Amino acid sequence: MTKPSIFSPVASPSPGAVRSGSALTRTPWLSIIMPVHNEASGIVSALIALSPLRASGDCEVIVVDGGSTDTTRELATPLCDRCLSSDPGRATQMNAGASQARGQWLLFLHADTRLPAHVLSVLSETLAEHRECDWGRFDVDIEGDSPLLPVIAMLMNLRSRLTSISTGDQTQFVRRSTFEAIEGFPVVPLMEDIQLSVRLKRLTSPLNLSARVTTSGRRWETHGACRTILKMWGLRLAAWGGVSPVRLARLYGYGAAAQACEQRGLPHA
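Residues numbered from 1 in each chain as written. Predicted model: local features only at pLDDT ≥ 70, side-chain atom pairs only at ≥ 80, totals over all residues. Heavy atoms only, no water.

From N to C terminus, the protein chain includes twelve helices and eight strands. The proportion of buried residues among the 269 residues of the protein chain is 50%. Put simply, of all contacts in the protein chain between residues at least 6 apart along the chain, 75% involve residues at least 24 apart. Per element, the accessible surface of the protein chain, about 12,600 Å² overall, is 56% carbon and sulfur. (Helix = DSSP H or I, 4+ residues; strand = E, 2+ residues; numbered from the N terminus. Buried < 20%, exposed > 50% of the residue type's maximum accessible area, 1.4 Å probe, protein only. Contact = heavy atoms within 4.5 Å. Areas by Shrake-Rupley, 256 points an atom, 1.4 Å probe, with all protein chains shown as cover.)

Here is the structure:
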């Protein structure tokens, strides 16, 4: 009997959602997968920034919408190679994108994060030099006005190097065959990035690239840097203490993702 796919089914791309043209006549070696939800205000600039990578023919961009109620999907469709729909939740969306990817390497990029210049050459040279490695992440800069943001970024990068645990803000990348072997992201509504790191570090150590991605500091500035740090560490302690991912997601404000996981039967007590 064939083993069921670990990845959730996705809706067929809408007309025009799959790019045609000479750049896709050869198979890209890198697939950038971007989960989105109500990102209409920034999705155009995020995808335009990736257009030179697509034009190279070495990279495809797959956007996976998790039920946006704004115009995110309509705006994204002409600016990416595939625009898919899935149930809400970053883990579910990223697994859905990975199931449609053609690249040997998968890179998971948040809509509010920008890749470093010359990212393709940085990645290709590093991966060629470290053929034994199956995954990694970038250092991160946090964009914003708060003087605490550079300190937060420095501590995130240091903690990641010491623990081999990374977060989605640091833009994780993984060999496709390895991602499939570990059955992708755990389908949880929160901290799927940390759980992925835990799975992957059992196989090989990560590549900690000093090249920096730049992510938005809106979360820290909206809710306060210190308050956000305390909240995140509180959620991590609660997770280590056995509180369910669904309950943690509701506390964080990811209600739609929590509900989707409840419908799949994930414990939420």
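This part covers the sheet that holds strand E2 (residues 59–65). With mixed pairing, the eight strands of this open sheet are ordered in space as E3-E2-E1-E4-E7-E6-E8-E5. Edge strands, defined here as strands with exactly one partner in the open sheet, are strand E3 (82–85) and strand E5 (113–114). Strand direction decides the pairing type here: E5 and strand E8 (residues 207–216), joined by two bridges, are antiparallel. By the bridge assignment, threonine 113 is partnered in E8 with threonine 215. Most of the contacts of helix H6 (residues 149–163) go to strand E6 (residues 135–143), to which it runs at about 165°, and overall it touches E6 and E8. (Pairing = 2+ DSSP bridges. Axes fitted to C-alpha atoms, helices over the stretch in contact; angles between N-to-C directions.)

A separate point is the packing of aromatic side chains. One pass over the full model with this rule turns up five aromatic pairs. Taking the centre distance of 4.9 Å and the plane angle of 85° together, the rings of phenylalanine 108 and phenylalanine 185 count as edge-to-face. Placement of the pair is phenylalanine 108 in strand E4 (residues 105–108) and phenylalanine 185 in the loop between helix H7 (176–181) and helix H8 (192–201), with a sequence separation of 77 residues. Phenylalanine 185 matches phenylalanine 108 in its accessibility class, with the two residues each being buried. (Phe/Tyr/Trp six-rings, centres within 6.5 Å; stacked < 30°, edge-to-face > 60°.)

So, about the pairing of strand E1 (residues 30–36). Here E1 lies mainly inside the structure; seven of its seven residues are buried. Side chains Leu30, Ile32, Met34 and Val36 of E1 all project onto a buried face; the interleaved residues Ser31, Ile33 and Pro35 project onto the opposite face, where all are buried too. Bridge analysis of E1 against E2 gives seven bridges, and the strand direction is parallel. In the sheet register, isoleucine 32 faces E2, and the bridge partner there is valine 61. Two strands pair when backbone bridges link them, and E1 and E4 are joined in this way by four bridges, in the parallel orientation.

This paragraph deals with the side chain of threonine 204. The residue threonine 204 is located in the loop between H8 and E8 in this model. In this structure threonine 204 comes out as buried when scored by relative accessible area, which is 17%. Contact partners of threonine 204, with chain neighbours within four places excluded, come to Glu132, Cys133, Asp134 and Trp135.

To continue, consider the environment of serine 86. Within the secondary structure, serine 86 sits in the loop between E3 and helix H4 (90–100). With ten residues separating them along the chain, serine 86 and alanine 96 place their C-alpha atoms 6.9 Å apart.

This brings us to the pairing of E8. Here E6 pairs with E8 via eight bridges, running parallel. Looking at E8, one finds that aspartate 139 is bridged to arginine 212.

So, on to a nonpolar patch on the surface. A surface patch of nonpolar side chains, about 510 Å² in accessible area, is lined by Val151, Met154, Leu155, Leu158 and Leu162. Along the polypeptide, leucine 162 turns up in helix H6. (Patch = residues over 30% accessible without salt bridge, like charges linked within 9 Å, V, L, I, M, F, W, Y side chains within 5 Å. Salt bridge = Lys/Arg side-chain N within 4 Å of Asp/Glu carboxyl O.)

As enumerated under the stated definition, the model contains seven salt bridges in all. Note that arginine 175 and aspartate 134 form a salt bridge whose closest N and O atoms lie 2.8 Å from each other. One end of the pair, arginine 175, is in strand E7 (residues 173–175); the other, aspartate 134, is in the loop between helix H5 (119–129) and E6, and 41 residues separate them in sequence. For arginine 175, a relative accessible area of 23% puts it in the partly exposed group. Classification of aspartate 134 as buried rests on a relative accessible area of 15%.

What follows is about unusual backbone geometry. Excluding glycine, residues mostly carry a negative phi; peptide bonds, for their part, are mostly trans. Non-glycine residue asparagine 38 carries a positive phi angle of around 55°. Mapped onto the fold, asparagine 38 is located in the loop between E1 and helix H1 (43–48). On the accessibility criterion, asparagine 38 (32% relative accessible area) is partly exposed. One non-glycine residue, glutamate 183, adopts positive backbone phi at about 65°. Following the sequence through the fold, glutamate 183 ends up in the loop between H7 and H8. The exposure class of glutamate 183 is partly exposed, given its relative accessible area of 35%.

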